[in-house]
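Each chain, letter by letter, is given below.
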Amino acid sequence: MRQILLLVLLFVVGQWFVKALRRAQTQTRAGAQPGQGAQPGQSAAQSATGGASTSGKAALPEPMVRCAECGVHAPRSESVNVGARSFCSSEHARAWDARTTAQDRPAR
Ligand SMILES: [Zn+2]
């Protein structure tokens, strides 16, 4: 008889434990979901703020980009973009590309 009572008690405690575990899991999930969602959300917000800042800069005459080759600031509309880099002219883009590819290649 005592064993049955013990079993019932174990069952109840087990149920409570499972409930507590589920609660903890949902809490961690609820805590993780905003965290996981915050990274794309942050990037989206960053891009949104970036877009807002660029649109705010668009209020200025021209957004200026720095040439990776000579460091001259050129208007974005006149700049040449190669990958993530901007150049004041296609000549500098080519020169930079030739320089970097020469660096990438082994000298000998
Ligand atoms: Zn340049």
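Everything below is about the structure printed above this text.
None of these values were measured; they are calculated from a predicted model.

Scanning the protein from terminus to terminus reveals two helices and four strands. Listed by position from the N terminus, the elements making up the protein come as α-β-β-β-β-α. Taken across its 108 residues, the protein has 10% of its residues classed as buried. Sequence-distant contacts, at least 24 apart, represent 12% of the contacts inside the protein between residues at least 6 apart. For the protein, the accessible area works out to roughly 8,900 Å², and carbon and sulfur atoms hold 59% of it.

The reference angle at a metal is 109.5 degrees if four donors form a tetrahedron and 90 or 180 degrees if six donors form an octahedron. Distances from the zinc ion to its protein donors, C67 (SG), C70 (SG), C88 (SG) and H92 (ND1), fall at 1.9 to 2.3 Å. Around the zinc ion sit four donor atoms; with metal-centred angles ranging over 96 to 121 degrees, the donor geometry is tetrahedral. Donor residues for the zinc ion, ordered by position in the chain, follow C-x2-C-x17-C-x3-H.

Take the pattern of salt bridges next. Scanning all chains against the criterion turns up one salt bridge. Linking R99 and E69 is a salt bridge whose minimum nitrogen-to-oxygen distance equals 2.9 Å. Residue R99 is located in helix α2 (residues 90-104), and its partner E69 is located in the loop between β1 (64-66) and β2 (73-75); the two are separated by 30 residues in the primary sequence. Classification of R99 as partly exposed rests on a relative accessible area of 39%. Residue E69 is classed as partly exposed on the basis of its relative accessible area, which comes to 27%.

Conventions we followed
- Residues numbered from 1 in each chain as written.
- Predicted model: local features only at pLDDT ≥ 70, side-chain atom pairs only at ≥ 80, totals over all residues.
- Heavy atoms only, no water.
- Helix = DSSP H or I, 4+ residues; strand = E, 2+ residues; numbered from the N terminus.
- Buried < 20%, exposed > 50% of the residue type's maximum accessible area, 1.4 Å probe, protein only.
- Contact = heavy atoms within 4.5 Å.
- Areas by Shrake-Rupley, 256 points an atom, 1.4 Å probe, with all protein chains shown as cover.
- Donors = N, O, S within 2.8 Å, 3.2 Å for Na, K, Ca; no water.
- Tetrahedral: all angles 85-135°; square planar, octahedral: opposite > 155°, others 65-115°.
- Salt bridge = Lys/Arg side-chain N within 4 Å of Asp/Glu carboxyl O.

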